[in-house]
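Structure assessment
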Amino acid sequence: MEKDGKKLLSVVVSVYNEELVLGDFYMETKQILESIAWDYELIFVNDGSQDTSLLKLEELVKRDVHVRLVNFSRNFGHEAAMIAGIDYSRGDGVICMDADLQHPPECIPKVIEKFEAGYGVINLIRTKNKDAGRLKNVTSAGFYKVLNLLSPVKFEANASDFIAISKSAADVLRNEYREKVRFLRGYVQSLGFPKTSISYEAKERRAGESKYSIRKLMKFSVNSLLCFSDMPLKLGVYSGIFMAMVGLILMIYTIYSKVVYGTPSGYATIVVLLCFMFSLLMIIMGIIGEYIAILFTEVKGRPIYIVERVEENKELEDCGEIPCLRK
Ligand code: UDP
Ligand code: MG
């Protein structure tokens with residue numbers, strides 16, 4: 001979407017109870033956006049904040065023609081907010097970033113350079129995460145190791161939710177990737193398109209608290225793994241073959257001890273084997289259950305997010321139609 005010969009950059013920001021940082025974020029990002037050669041729109045997706053974030057965003061929409069607000073009817077989660085932002089963006093390039101200034105706006109000019117050079121997917125790779133404790137860094141690295149081991153798609157370790165994609169890549173996400181259980185940064189890496197990366201240092205959260213609890217992170221990691229790999233399902237087959245071999249060896253041993261010593265192996269062996277077999281069965285059933293839960297969610301086909309209202313300054317209207325409203 002070119003306006004006055006300038007390309008348009010859409011910056012998508014997910015906001016959930018960020019009243020303490022919104023002001024800083026807006027000022028710092030705006031300063032950078034004013035200095036780039038592209039025109040820009042700042043799309044704030046309010047993900048059901050219970051604090052004064054919404055009021056602050058409404059104020060920004062009134063004051064600034066570049067700001068658009070997409071207000072969710074309730075909290076749908078960070079990924080849903082990013083997807084909504086991409087759906088509502090009209091830019092030739094889209095950048096998704098967090099509102100807490102952990103994703104430095106100083107990277108935006110570098111991203112524009114990459115867009116100009118024709119890249120379609122730009123991964124912003126975290127070199128350091130000052131906010132995360134040792135445990136979070138180690139588990140994050142472990143997560144990517146397991147994911148790369150199990151999934152046919154190879155992922156860049158330390159890829160974050162700070163992503164930049166071209167209009168064509170955004171169109172693919174808008175039209176083709178409508179899964180309810182999803183792993184957005186994974187999709188982005190598997191899209192293809194000319195790909196490049198920029199590294200950045202994740203700063204400390206400027207204010208407020210992280211919205212990701214350990215429980216949320218665990219759920220997110222399990223779902224992401226299951227979204228990209230059917231390997232866990234095959235675990236049943238492999239462990240079945242393994243157990244059949246163990247059973248065969250045990251059978252030979254039992255016959256042997258009966259023939260040679262006259263005593264077949266005893267009660268303890270049976271108990272141990274039963275415990276082992278049943279726990280294995282339960283684990284496999286659990287894994288199948290997880291996949292069924294995902295299938296159930298997909299089949300129900302409920303929306304990824306529900307928008308209560310969109311607010312924008314009238315002057316933005318000449319930027320063209322909002323892609324997701326065109327259908
Ligand atoms: N966020 C959101 N919905 C949620 C949780 C978080 O839109 O349910 C937003 C949040 O406002 C922030 C971004 O997602 O802009 C990243 O969240 P956070 O900083 O809490 O995650 P962390 O950086 O600790 O992984
Ligand atoms: Mg953060």
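Refer to the structure presented above.
Here the structure is a predicted model, which means the values were calculated and not measured. (Residues numbered from 1 in each chain as written. Chains lettered and ligands numbered in written order. Predicted model: local features only at pLDDT ≥ 70, side-chain atom pairs only at ≥ 80, totals over all residues. Heavy atoms only, no water.)

On to helix α2 (residues 53-63). Those residues of α2 not exposed but buried are Ser53, Leu54, Leu57, Glu58, Leu60 and Val61. Angular distribution of buried residues about the axis of α2 spans 160°; they occupy a single face of the element. α2 presents Leu55, Lys62 and Arg63 as exposed residues on the side facing more than 90 degrees away from its buried surface. The elements touched by buried residues of α2 are β1 (8-15), α1 (22-35), β2 (39-46), β3 (67-72) and β8 (307-312). (Buried < 20%, exposed > 50% of the residue type's maximum accessible area, 1.4 Å probe, protein only. Helix = DSSP H or I, 4+ residues; strand = E, 2+ residues; numbered from the N terminus. Arc of directions from axis to C-beta. Contact = heavy atoms within 4.5 Å.)

Below, the discussion takes up empty space enclosed by the protein. Under the counting rule described, the total for this entry stands at 1 cavity of 30 Å³ or more. Counted as a void, the largest cavity has a volume near 60 Å³. In this structure, the largest cavity is lined by Ile83, Ile86, Asp87, Leu173, Tyr177, Arg178, Leu184 and Tyr187. Listed by contribution, the elements that provide at least two residues to the lining of the largest cavity are α3 (78-87) and α7 (184-190). (1 Å grid on protein atoms, 1.4 Å probe; cavity = no way out; pocket = protein on both sides within 12 Å on 5 of 7 lines; lining within 4 Å. Points joined across faces, edges and corners; volume = space filled by probe spheres on them.)

The interhelical angle for the contact between helix α5 (residues 134-150) and helix α8 (residues 214-228), taken along N-to-C directions, is 15°, at an axis separation of 10 Å. As summarised for this structure, α5 and α8 are arranged roughly parallel, according to the angle between their axes. The handedness of the crossing between α5 and α8 is right-handed. Counting all contacts with α5, which are made through Lys136, Phe143, Val146, Leu147 and Leu150, the residues of α8 involved are Leu217, Ser221, Ser224 and Leu225. Here the contact of α5 with α8 is composed, by residue class, of 6 nonpolar, 2 polar and 1 charged. (Axes fitted to C-alpha atoms, helices over the stretch in contact; angles between N-to-C directions. Parallel < 35°, antiparallel > 145°, perpendicular 65-115°, else oblique. Left-handed = near helix turned anticlockwise from the far one by under 90°. Nonpolar A, V, L, I, M, F, W, Y, C, P; charged D, E, K, R; others polar.)

We now examine the pairing of strand β4 (residues 93-98). The buried count for β4 comes to 6 of 6 residues, which makes it a mostly enclosed element. Every second residue of β4 is oriented toward a common face, with Gly93, Ile95 and Met97 on one face and Val94, Cys96 and Asp98 on the other, all of them buried. Here β1 pairs with β4 via 6 bridges, running parallel. Paired with serine 10 across the two strands is valine 94, which belongs to β4. With 4 bridges connecting them, β4 and strand β6 (residues 159-166) associate as antiparallel partners. The residue bridging glycine 93 from the neighbouring strand is serine 166, located in β6. (Pairing = 2+ DSSP bridges.)

Looking now at the coordination of the magnesium ion (ligand 2). Listed as protein donors to the magnesium ion (ligand 2) are Asp100 (OD) and Gln102 (OE1); their distances from the metal cover 1.9 to 2.0 Å. As far as burial versus exposure is concerned, aspartate 100 and glutamine 102 are alike and both buried. (Donors = N, O, S within 2.8 Å, 3.2 Å for Na, K, Ca; no water.)

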